Amino acid sequence: MIITLTTDFGVKDPYVGIMKGVILGIAPDVEIVDLSHEIRSYDVLDAAFVLKSSYSYFPAGTIHVGVIDPGVGSVRRAIAGLANRHYFVAPDNGVLSLVLDTESGKEPPQVHHISNERLFRTPVSRTFHGRDIFAPTAAHLARGTPLESVGASIGDFVRRAIPKLTPLGRTGVLATVLHVDKFGNIITNLRRDHLSPHFRIHVAGSEVTRLCNTFSEAPPGELVAIEGSTGFIEIALDQASAAESLNIRPGAEIKVETARVNY
Amino acid sequence: MIITLTTDFGVKDPYVGIMKGVILGIAPDVEIVDLSHEIRSYDVLDAAFVLKSSYSYFPAGTIHVGVIDPGVGSVRRAIAGLANRHYFVAPDNGVLSLVLDTESGKEPPQVHHISNERLFRTPVSRTFHGRDIFAPTAAHLARGTPLESVGASIGDFVRRAIPKLTPLGRTGVLATVLHVDKFGNIITNLRRDHLSPHFRIHVAGSEVTRLCNTFSEAPPGELVAIEGSTGFIEIALDQASAAESLNIRPGAEIKVETARVNY
Amino acid sequence: MIITLTTDFGVKDPYVGIMKGVILGIAPDVEIVDLSHEIRSYDVLDAAFVLKSSYSYFPAGTIHVGVIDPGVGSVRRAIAGLANRHYFVAPDNGVLSLVLDTESGKEPPQVHHISNERLFRTPVSRTFHGRDIFAPTAAHLARGTPLESVGASIGDFVRRAIPKLTPLGRTGVLATVLHVDKFGNIITNLRRDHLSPHFRIHVAGSEVTRLCNTFSEAPPGELVAIEGSTGFIEIALDQASAAESLNIRPGAEIKVETARVNY
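Let us look at the structure shown here.

Calculation criteria
Residues numbered from 1 in each chain as written. Chains lettered and ligands numbered in written order. Predicted model: local features only at pLDDT ≥ 70, side-chain atom pairs only at ≥ 80, totals over all residues. Heavy atoms only, no water. Contact = heavy atoms within 4.5 Å. Buried area = accessible area lost by both parts, 1.4 Å probe. Salt bridge = Lys/Arg side-chain N within 4 Å of Asp/Glu carboxyl O. Polar contact = N/O pair within 3.5 Å; in protein donor to acceptor, adjacent residues only side chain to side chain. Helix = DSSP H or I, 4+ residues; strand = E, 2+ residues; numbered from the N terminus. Axes fitted to C-alpha atoms, helices over the stretch in contact; angles between N-to-C directions. Left-handed = near helix turned anticlockwise from the far one by under 90°. Nonpolar A, V, L, I, M, F, W, Y, C, P; charged D, E, K, R; others polar. Least-squares fit on C-alpha atoms with pLDDT ≥ 70 in both. Buried < 20%, exposed > 50% of the residue type's maximum accessible area, 1.4 Å probe, protein only. Pairing = 2+ DSSP bridges. Phe/Tyr/Trp six-rings, centres within 6.5 Å; stacked < 30°, edge-to-face > 60°. Lys NZ or Arg CZ within 6 Å of the ring centre and 35° of its normal.

What about the interface of chain A and chain C?
Contacts between the two partners involve 32 residues from chain A, matched on the other side by 29 residues from chain C. Roughly 2500 Å² is buried in total at the junction of chain A and chain C, and carbon and sulfur atoms are behind 58% of that figure. By the criterion of area lost to chain C, the three top residues of chain A are Tyr57(A), Lys182(A) and Phe183(A), representing 28% of everything that side buries. Put simply, chain A and chain C have 0 salt bridges between them. In this structure, the connection of chain A to chain C is made through 11 residue pairs in polar contact (both at pLDDT 80 or more). Those elements that place two or more of their residues in the side of chain A that touches chain C are β2 (31-36), α2 (44-54), β8 (172-180) and β13 (224-227) of chain A. Ranked by the residues each element gives to the side of chain A that touches chain C, the list is headed by β2(A), at 5 residues.

Written out as structure tokens, the structure reads:
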């Protein structure tokens, strides 16, 4: 059984290691995999994007824990869910909203309010539910505790959405930067089908008109569009940081001319 | 069996990976967990704090290795100890002084000088005992080598202590910053019981008078005191870095008025 | 069975975690160890150096995966090799050239072009062969797929070499900085035998004339030479960064006077 961890805890402090100690104390045979601990502090939507981009590459039955938790100790709930044969454990603040999304033709996600205190470490602190609630709940699920045992089924969990494309005139579209990766690739919420053959992307004062299949197809120094490994269009430079050259961050707007707006 | 690793090696170089290779070559079934590899270079007391804050969340019998080792290759000894049913392996420079501390009512720690060369990689380098001495010794302990086999029992290992509170007048106390975490929370050596109902903490020119249970209780932009997950009082801002706003570092002094000095 | 990972992916994005998910989906019992994910972006030779410095500390049979892949999706091949009883999987761009080097008296490395699509994830993306080709190929090798099954044997894989020493006059040598580690130690391509008893190393306007056995032997603030744990001579300061004090980077030149040029 695999448990993945996604947090904004960084790796300098022992917070992640402590969660692993708690997990292994309950479920010694579990395999723990780090997805990222460098989520921008408190950035729930960035964590949601990371989880959505990653979970399906793990075997069915994997338990994914996301702890980006600015409301820790307050009234916000803790939730555990099952969707597409993967389990998810997190605070109810939107971290899971992209993975618990109902996609057409799939079964609706099954979501429970984590309230069964017998699963928790005691006493539960007010400031570190990753250690006291999320890690032990995930470990108990890994050992076979049924999802129903964590608490009551709920339907009103917090939903946030990836920013939607907005039509601009008859053939344009306003898009958004979802994520900037380590290489400086700018991941947008555009998909390949949104681009017509003669698209023009306007981003931070620059224009992108070429769609490449690979990074090395890009002419040196020219910003290009590329279908990235997440399925989204990325703005990229070959062997250089597009984000740095454009000084752009997640959340920035991008205008596309002659997009396929009806898609 | 679990081995945890705490070093100042960073993650850019393969030093940590090499230690894991050595461990797995000796003890293939061991589970290795990283506590932190971003201890400030050569900062023995920071590592001691990290180990003290973390070890007890692992199952009894876990072996904790700490390699912050500016004196590598010199006359400083290597030690292995058993305390509170956890094993510890490190250079004898104070890294283990907080976990091998004798607490009232507990058994005294059992500490041995690591000198049994049959446990080492050969030849032993002068610059990387993490690879040649600490990793293989920990791996042999994990495989069941008795602690006594590593070398002679000693009592004079290096002890360093968490800075103590100093009384200031009749009701004041001088405290110290122990650690600043990734979120910028300022972890002090104060405990909740040290604060009277009308405490005033003076820190880097600012005043803190409010004790909150959770981060989100803090009014926006107001520095507050909070009992952190380590059991120490932290100075914090909600969703912002208190340490950055105060430009404060570990070791800085904090004055508390109307503290409970007799506690 | 152990698989090690070396990439320039960083740890902020979930790329490394995704590769682990793919590996564990195919080979659930494999142990995955990170060597480094902070290789400088696209720096093939740095990754080659990291692999060369690390692989032999793992048990024979370990599979080492290196993904520094600026040419992903282009015509560059993927290769898998066996040398000195270790397996290696990487793009054919030089990442493996130091570990697949033929050393005197050893068997020549056995190298294959990875082309067996039945081992890949489908569809194979153009931008993330770490996920779609290298991770699954390594996982299949870990499960016992013979090396020959990945594709045809080849001999013309890309070879790059550690920069060689160049003679300077009768007793001098021009050397190169291979790597700067987290502590600021400057790892050169010199070995201890290259230094005569009265050597003088000229580096970035400073002179080094002392060879120390340990870091703590270095007089405070004096740059010294030391035989590092990789077997190469390092320029170091005790408890400070030599690289920062000299403002030096990998690739920089170093002049040595009265070296042993005939070695």
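Digging into the packing of helix α1 (residues 15-26) of chain B against helix α3 (residues 129-142) of chain B
Residues and elements named next belong to chain B. Between α1 and α3, whose axes approach to 8 Å, the crossing angle comes to 35°. Two packed elements cross with a definite hand, and for α1 against α3 that hand is right-handed. Across the interface between the two elements, Ile18, Met19, Val22, Ile23 and Ile26 from α1 touch Gly130, Arg131, Ala135, Pro136, Ala139 and His140 from α3. Tallied by class, the residues present in the contact of α1 with α3 amount to 8 nonpolar, 2 polar and 1 charged.

As for the relation of the copies chain C and chain B
Structural alignment of chain C on chain B gives an RMSD of 0.0 Å, achieved by rotating through 120° and translating 0.0 Å along the axis. Expressed as a symmetry operation, the mapping of one chain copy onto the other fits a three-fold axis. For chain C, the smallest separation between a C-alpha atom and the rotation axis is recorded for Glu31(C), amounting to 5.3 Å.

Here we look at the pattern of salt bridges
Close approach of charged atoms lets side chains of opposite charge pair. Residue and element names in this part refer to chain A. Counted by the stated rule, this structure contains 36 salt bridges over all chains. Among the ionic pairs, Arg76 bridges to Asp69, the shortest N-O distance being 2.7 Å. On the basis of relative accessibility, which here comes to 10%, the residue Asp69 falls in the buried class. Salt bridges sharing partners connect three or more residues here, namely Arg77, Asp92 and Asp156.

Digging into the sheet that holds strand β2 (residues 31-36) of chain C
What holds strands together in a sheet is hydrogen bonding between their backbones, with the strands either parallel or antiparallel. Pairing is mixed in the open sheet, where 6 strands are placed in the order β2-β1-β3-β5-β4-β6 (chain C). Of all strands in the sheet, those bounded by a partner on one side alone are β2 and β6 (110-113) of chain C. In this sheet, adjacent strand axes meet at a mean angle of 20° when their direction is disregarded. Across 5 bridges, strand β1 (residues 2-7) of chain C lies against β2(C) in parallel orientation. The residue bridging Ile3(C) from the neighbouring strand is Ile32(C), located in β2(C). Relative to β2(C), α1(B) is tilted by about 150°, and along the sheet it contacts β1 and β2 of chain C.

Here's the deal with the interface of chain C and chain B
At the junction of the two partners, chain C supplies 32 residues and chain B supplies 29 residues. The junction of chain C with chain B conceals about 2500 Å² of combined surface from both sides, 58% of it contributed by carbon and sulfur atoms. The largest per-residue losses of area from chain C upon contact with chain B belong to Tyr57(C), Lys182(C) and Phe183(C), which jointly make up 28% of the total buried on that side. Our enumeration of links across chain C and chain B arrives at 0 salt bridges. In this structure, the connection of chain C to chain B is made through 11 residue pairs in polar contact (both at pLDDT 80 or more).

Regarding helix α2 (residues 44-54) of chain C
Since the α-helix packs 3.6 residues into each turn, any two residues three or four apart lie on the same face. α2(C) sits mainly inside the fold: 9 of its 11 residues count as buried. The complete set of buried residues in α2(C) reads Val44(C), Asp46(C), Ala47(C), Ala48(C), Phe49(C), Val50(C), Leu51(C), Ser53(C) and Ser54(C). In the core, the buried residues of α2(C) are packed alongside α1 of chain B together with β1, β2, β3 (63-67), β8 (172-180) and β9 (186-188) of chain C.

Description of the packing of aromatic side chains
In this structure the tally under the stated criterion is 21 aromatic pairs over all chains. Considering the side-chain rings of Tyr15(A) and Phe128(A), the 5.5 Å spacing of their centres and the 70° angle between planes classify their relative orientation as edge-to-face. Here Phe128(A) lies in the loop between β6 (110-113) and α3 (129-142) and Tyr15(A) lies in helix α1 (residues 15-26), a separation of 113 residues in the sequence. In this structure, Tyr15(A) and Phe128(A) share a single accessibility class: buried. Between Tyr55(A) and Phe88(A), the ring centres sit 5.4 Å apart and the planes meet at 75°, which makes this aromatic pair edge-to-face. Highlighted residues: Tyr55(A) in the loop between α2 and β3 (63-67) and Phe88(A) in strand β5 (residues 86-91), separated in sequence by 33 residues. Residue classification places Tyr55(A) among the buried positions, given a relative accessible area of 8%. A residue is classified by how much of its surface remains accessible, and Phe88(A), at 0% relative accessible area, is buried. Connected via pairs of aromatic rings, a cluster forms that spans Phe9(A), Tyr15(A), Tyr42(A), Phe128(A) and Phe183(B). Over the ring of Phe183(B) we find Lys182(B); its NZ or CZ atom is 5.1 Å from the centre of that ring. One residue, Arg159(C), lies across the ring of Phe157(C), its end atom 3.9 Å from the ring centre.

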